[in-house]
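# Fold and contact review
So you can see what is in the structure, the chains are spelled out below.
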Amino acid sequence: MHKSSVLLLAPLLAEADPPPRHVPTPAGSTGAQGRDGLCGHFQWMAEHVPAFRVPGTHVHVLASPDHFYQTMKARIKTARRRVVMASLYLGTGQLEQELVDCVEEALLRSHENGDAPDLKVSLLLDYTRGSRGQTNSRTMLLPLLRRFASQMRVSLYHTPDLRGLLRLLVPQRFNETIGVQHIKVYLFDDSVIISGANLSDSYFTNRQDRYVLLENCGEVADFFSDLVDAVGDVSLQLQPDDSVTMLDGMVHPYNGNRQAFSAAARKRIMEVVNTAHVRQQLLNRSRDSEDGEGGDTWVFPLVQMKPLGIQIDEQVTQRLLTNAGPDSCVFLTSGYFNLTRPYMRMVLGAGASYRILTASPEVNGFFGAKGLAGAIPAAYTLIARQFYGQVCRQGQQERVHLHEYRRSQWTFHAKGLWYYLQGKDRPCLTLIGSPNFGYRSVHRDLEAQIAIVTKNEKLQSQLREEQETLYQQSSEVSVATFERPDRHVKLWVKLVTPLIKNFF
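To keep things clear, this report deals only with the structure shown in the data block. This is a predicted model, so every value here is computed, not measured.

## Points about a nonpolar patch on the surface
- A grouping of Leu165, Leu168 and Leu169 is seen on the molecular surface, where their side chains present a nonpolar patch of about 380 Å² in accessible area.
- Structurally, Leu169 can be placed in helix α6 (residues 164–169).

In structure tokens form, the structure reads like this:
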């Protein structure tokens, strides 16, 4: 089938608002299955989410915050058609201003040279975090919005769960605990960076995260551009006078009916996912029948937006963890280690070896914070201690190892996993994006990540180097770790943590 015919058919074949998908686990699914050998091991993902086939040579792991920052600046400056950025917030410092200046430079060039007259810039941020304080993400972007109104869009997502009396009573500093836009996507023409990092100075200097650049991967870029557009369409639109409005006909997130908003938002977002799913199925069949070529790497986008009734990432992650048998080793990392109960049961009950990397208290982003937030590292210490206690009680210390990241003057925000098959010294799969595997990621926030499955040995080596570099900065946890005086958790923190652990 010709590609153009496929693109026309996809919206017609996609079901706009299907019931939530259940991802079944067939017997024997842990073994390699289907065609393509290694990729066949994970071919079940293509049954449930869009599957994009790309050359592994187009996928690049970015090693450091500065590499991430410099890559973004360079890509913005050379963008000709589109710059699309989704983040929790945009910071207000000098480095962030330089990023805004790069956007201004690109927009000016599009006007003056006629080089890129159709350049469009779209930013999606969280309303609560982006509006905090007198100087904030909005004030950083207003000059550009006023100057380039026809080429610029700033969307501010507001969770439907923060409404009524709750919205009036929760202090500004804590209102984001109810739910936020947490997706981190940075897109320039047909290249896209998927990350867990926000647009803030520490993420550009000394806050360790993960970042992967998919270069000249137009279909993947189109998907994420469409996804950000869809979330933007159900968000508040920033106006040049700093007011916000909803698009015509869209239910308001906190003044309108809660169920009506969620239903409308879900329909709009799932149109993107389902259309891409059908389109990629048709394209992949067409390519297979033509030449069997198309790339040695698969990219599967996983979206989680439970307030809107979307739980694709949760279902795929659960199956991935469930399928991880004795023939595999999983390296899992989270800057905020607070596994949901189902994820914890799967780790403790699985056959795979697990090496879990989390932040030591000193590199937790809340270390040294004022007030209640300053106790959050101690709460994470308590959660890690309880988890490690379960590992020991079940006699799983040989299979499940816990590590803590330590690095002087740095903080730790990396999340995701690397999946090694038995006898292999390089990972064949990674999850990378915004989810933390915790309650917030699953139940409260808007999240997106990608599963990358690859047979490309150079890309596998990049992923192994990324994983090893992070773990080399860590030390393994033992019972003695939690008996040290600096790990003492105050009684009030022990009492409060079970009540608030679902909010951080």
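## Examining the pairing of strand β5 (residues 152–157)
- Of all six residues that make up β5, five are buried, and the element is covered over most of its length.
- In terms of strand pairing, β5 meets strand β10 (residues 236–238) through two bridges, oriented antiparallel. Bridge pairing links Leu156 to Leu236 in β10.

## Examining the pattern of salt bridges
- In total, this model carries 24 salt bridges according to the counting rule given.
- Residues Arg153 and Asp233 are paired through a salt bridge, measuring 2.6 Å at the closest nitrogen-oxygen approach. Pair noted here: Arg153 is in strand β5 and Asp233 is in helix α8 (residues 218–233), with a separation of 80 residues, a long-range link.
- Between Asp425 and Arg464 there is a salt bridge, and its shortest N-O distance comes to 3.5 Å.

## Looking at the packing of helix α2 (residues 65–78) against helix α3 (residues 94–112)
- Orientation of α2 relative to α3, taken along the N-to-C sense of each, is 20°, at an axis distance of 7 Å. When the interaxial angle is binned, α2 and α3 end up roughly parallel. For the pair α2 and α3, the crossing hand works out as right-handed. Listed contacts from α3 to Tyr69, Met72, Lys73, Ile76, Lys77 and Thr78 of α2 are Leu95, Glu98, Leu99, Cys102, Val103, Glu105, Ala106 and Arg109.
- For the contact of α2 with α3, the per-class residue count stands at eight nonpolar, one polar and five charged.

## Looking at the packing of aromatic side chains
- One pass over the full model with this rule turns up 16 aromatic pairs.
- Their ring planes at 50° and their centres at 6.1 Å tell us that Phe68 and Phe204 sit as a pair that is tilted. Linking Phe68 in helix α2 with Phe204 in helix α7 (residues 201–205), this pair joins segments that are 136 residues apart in sequence.
- For Phe204, a relative accessible area of 1% puts it in the buried group.
- Ring centres of Phe331 and Tyr471 lie 5.1 Å apart, and the angle between their planes is 85°; on these two criteria the pair is classed as edge-to-face.

## Some points on the pairing of strand β9 (residues 211–214)
- Side-chain alternation along β9 places Tyr211 and Leu213 on one buried face and Val212 and Leu214 on a second face that is also buried.
- Pairing between strand β2 (residues 59–62) and β9: four bridges, direction antiparallel. Directly across from His60, in β9, lies its bridge partner Leu213.
- The pairing of strand β7 (residues 191–195) with β9 spans four bridges and is classified as antiparallel. Each bridged residue has a counterpart across the sheet, and for Ile193 the counterpart in β9 is Leu213.

## Re the side chain of Thr381
- Relative to the helices and strands, Thr381 resides in helix α12 (residues 376–393).
- The exposure class assigned to Thr381 is buried, which follows from its relative accessible area of 8%.
- Filtering out sequence-adjacent residues up to four positions away, Thr381 remains in contact with Pro361, Phe482, Arg487 and Val489.

Each value, and the rule that gives it
Numbering of residues starts from 1 in each chain and follows the order in which that chain's sequence is written. A pLDDT threshold of at least 70 governs which residues receive local features in this predicted model, and a stricter bar of 80 or more applies before side-chain atom pairs are shown or counted, although totals over entire chains, interfaces and linings include all residues. Hydrogens and waters are ignored; side-chain quantities use all the structure's heavy atoms. Two joining distances apply to patches: 9 Å for like charges and 5 Å for nonpolar side chains (Val, Leu, Ile, Met, Phe, Trp, Tyr), and every residue must have over 30% relative accessible area and no salt bridge. Areas reported as accessible are Shrake-Rupley estimates using a 1.4 Å probe. Residue values count occlusion only from the protein chains shown. Salt bridge, as applied in this entry: a Lys or Arg side-chain nitrogen positioned within 4 Å of an Asp or Glu carboxyl oxygen. A run of H or I in DSSP becomes a helix once it reaches four residues, and a run of E becomes a strand once it reaches two; helices and strands are each numbered from the N terminus. Buried residues are those whose accessible area, probed at 1.4 Å on protein chains only, stays under 20% of the maximum for their type, while exposed residues exceed 50% and partly exposed ones sit between those limits. Strands were regarded as paired on the criterion that DSSP finds at least two bridges between them. Only the contacting stretch of a helix is used when fitting its axis, a line to C-alpha atoms as for every element, and angles between N-to-C directions run 0 to 180 degrees. What sets the label is the angle itself: under 35 degrees gives roughly parallel, over 145 gives roughly antiparallel, 65 to 115 gives roughly perpendicular, and the rest give oblique. Handedness of a helix crossing follows the sense of rotation of the near helix relative to the far helix, less than a right angle counterclockwise being left-handed and clockwise being right-handed. Whether two residues are in contact is decided by their heavy atoms: any pair within 4.5 Å suffices. Residues are grouped as follows: Ala, Val, Leu, Ile, Met, Phe, Trp, Tyr, Cys and Pro are nonpolar; Asp, Glu, Lys and Arg are charged; every other residue, Gly included, is polar. The aromatic pairing rule takes the rings of Phe, Tyr and Trp, using the six-membered ring of Trp, and pairs them if the centres are within 6.5 Å, calling planes under 30 degrees apart stacked, those over 60 edge-to-face and the rest tilted.

Everything listed here is a matter of coordinates, which is why it stays silent on function.
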